[in-house]
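# Structural features, examined
These are the residues of each chain, in order.
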Amino acid sequence: MSEKEDEKGKRGAHRTELYFEVPPTCLPIVYSPEYNITFMGLEKLHPFDAGKWGKVIHFLKEEQFISDDNIVQAREATEEDLLVVHTRRYLSKLKNHVLEGSREWSLVVATITEIPPVLFLPNFLVQRKVLRPLRTQTGGTIMAGKLAMDRGWAINVGGGFHHCSSDKGGGFCAYADITLAIKFLFERVEGVCRATIIDLDAHQGNGHERDFLDDRRVYIMDVYNRYIYPGDGYAKRAIKRKVELDWGTEDMEYLQKVELHVEGALNEVRPDIIIYNAGTDILDGDPLGGLAISPQGIVKRDEIVFRAARRRSIPILMVTSGGYQKKTARIIADSILNLRREGLIEGVAAEEAGPSLMPLMMSKSVSSGATFNAI
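Computed from a predicted model, the values in this text were never measured in an experiment.

The next thing to look at is the pattern of salt bridges. Using the criterion set out here, one finds 22 salt bridges in the structure. Residues R217 and D215 are paired through a salt bridge, measuring 2.8 Å at the closest nitrogen-oxygen approach. Its salt-bridge partner being D246, residue R226 comes within 3.2 Å of it at the nearest N-O pair. Of this pair, R226 sits in the loop between β7 (218–225) and β8 (241–245) while D246 sits in the loop between β8 and α9 (251–268), placing them 20 residues apart in sequence. What you see here is one network of salt bridges that share partners, running through R226, K236, E244 and D246.

Here we come to the packing of helix α6 (residues 123–151) against helix α7 (residues 177–188). Between α6 and α7, whose axes approach to 8 Å, the crossing angle comes to 40 degrees. Judged by the inter-axis angle, α6 sits oblique to α7. In this structure, the crossing between α6 and α7 has a hand that is right-handed. In this structure, α6 contributes T138, T141, I142, G145, K146 and M149 to the contact, and α7 contributes D177, L180, A181, F184 and L185. Considered class by class, the residues forming the contact of α6 with α7 number six nonpolar, three polar and two charged.

All right, on to the sheet that holds β7 then. Taking strand neighbours across the sheet as the criterion, the eight strands line up as β2-β1-β5-β10-β9-β6-β7-β8 in an open arrangement whose pairing is parallel. Taken across any chain shown, the strands that pair with only one partner, and hence form the sheet edges, are β2 (72–73) and β8. Across five bridges, the pairing between β7 and β8 is parallel. Counterpart to N225 in the pairing with β8 is L245.

What follows deals with the environment of L288. Position of L288 relative to the elements: it lies in the loop between β9 (273–277) and α10 (295–311). Sequence separation between L288 and H203 is 85 residues; the distance between their C-alpha atoms is 8.8 Å.

A few words on the nonpolar core. With 116 residues, the main nonpolar core has F65, L94, I182, L200, Y254, Y276 and F306 as its most contacted residues. Sorting elements by how many residues they give to this core places α6 first, with ten residues. Those residues in contact with Y254 that lie beyond four places of it in its chain are L200, V223, L245, T249, I282, I293 and R301.

On the secondary structure map, L121 appears in the loop between α5 (107–113) and α6. L121 sits in the buried class, given a relative accessible area of 14%. Once the C-alpha coordinates of L121 and S106 are considered, the two residues, 15 residues apart in sequence, prove to be 6.8 Å apart.

Y229 connects to P230 through a cis peptide bond whose omega is 5 degrees. One can find P230 in the loop between β7 and β8. At Q64, a residue that is not glycine, the phi angle is positive and equals roughly 60 degrees. In this fold, Q64 is placed in the loop between α2 (52–62) and β2. At F172, a residue that is not glycine, the phi angle is positive and equals roughly 70 degrees. Mapped onto the secondary structure, F172 falls in the loop between β5 (153–156) and α7. Exposure remark for F172: the relative accessible area of 5% places this residue in the buried category.

Turning to the state of the cysteines, a few remarks are in order. All told, the structure shown has zero disulfides when counted by the stated rule. Cysteine C164 remains unbridged, with the sulfur of C173 as its closest cysteine sulfur at 6.9 Å. With relative accessibility at 0%, the residue C173 sits in the buried group.

Moving on to the packing of aromatic side chains. Enumeration over the complete set of coordinates arrives at four aromatic pairs. Both rings, one in Y31 and one in Y35, keep their centres 5.3 Å apart while their planes meet at 75 degrees; by these two values the pair is edge-to-face. Here the two residues Y31 and Y35 agree in accessibility, since each one is buried. Of note, R75 hangs over the ring of F20, and the distance from its end group to the ring centre comes to 3.7 Å. One residue, R330, lies across the ring of F59, its end atom 4.4 Å from the ring centre.

Rules used throughout
- Residues numbered from 1 in each chain as written.
- Predicted model: local features only at pLDDT ≥ 70, side-chain atom pairs only at ≥ 80, totals over all residues.
- Heavy atoms only, no water.
- Salt bridge = Lys/Arg side-chain N within 4 Å of Asp/Glu carboxyl O.
- Helix = DSSP H or I, 4+ residues; strand = E, 2+ residues; numbered from the N terminus.
- Axes fitted to C-alpha atoms, helices over the stretch in contact; angles between N-to-C directions.
- Parallel < 35°, antiparallel > 145°, perpendicular 65-115°, else oblique.
- Left-handed = near helix turned anticlockwise from the far one by under 90°.
- Contact = heavy atoms within 4.5 Å.
- Nonpolar A, V, L, I, M, F, W, Y, C, P; charged D, E, K, R; others polar.
- Pairing = 2+ DSSP bridges.
- Core = buried A, V, L, I, M, F, W, Y, C linked by side-chain atoms within 4.5 Å.
- Buried < 20%, exposed > 50% of the residue type's maximum accessible area, 1.4 Å probe, protein only.
- Disulfide = S-S within 2.5 Å.
- Phe/Tyr/Trp six-rings, centres within 6.5 Å; stacked < 30°, edge-to-face > 60°.
- Lys NZ or Arg CZ within 6 Å of the ring centre and 35° of its normal.

Now the structure itself:
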């Protein structure tokens, strides 16, 4: 999208329910129970923990950091919302792709989720049990983009579907939530002209890379295992700062590279917002990531990124992306709690936060609209 087209978008953006005023008593943490996928046990056929998002929230409640009343309830992205990025042809493929008699089979969704039995289920069930949770997480990422601009930081406890582009899904990613969040900000938030994606999932983020291949407003830093899915050479052309890791990379080397390149990226181009894809599939023992980072290393990694953003007063949106071990939910929760202890996110609602957030809060004008591969 050119800058001229973007200005046109600002004037003619569709009406959305995803941009609205959040009460100041709420923390900029977005979640819905609808995130979690339970589908007659079929979700267990993929190594992804399809209930990890609810577990993260459970752990944060146990530590009395959040409650149901002080987090933001995610809303499902509508088809109009998705069409900001996706083609109608792609969205139609998710609805019904193969017809046999009167039955509509779900070939495309089965391919994206890598759960073959999904192929043989009626599409209306797949929509309700698989795609609706993913659309709700996608809505949560878009909502968190606005929240980050309002509050200085935001965390969507789900999202991070970085293998999905405008016209193709894959690796358990059916909707391009990162691209959507950025396009919504470009279209609707005055003064947001540049975005930096810091993608630290173990896999290359080929979806958003394909979407922003020719968009100079988006700077992409990607750190990933060079030997695993997707190995998308075409998409790599979009990466401005590429860090390819070897099998079994451990904490010391990894954290040194992350800190060096995060600082370098933010010194090279100062964005109006950072989208941080914080996949936990870098954890030692992950069946798909192939790296060897400790839980403490993941917590430190997130701290490095948030500290770099905070030092420069750049709003940051974090999404949780991939992670294929049961213990990743605990690690995500521990990392969020560490960010609070380190003073990098506030553990109180906006009205109680004091002056530290004021330079970032409410700094932009926002419109709701003119009238076995891996995440």
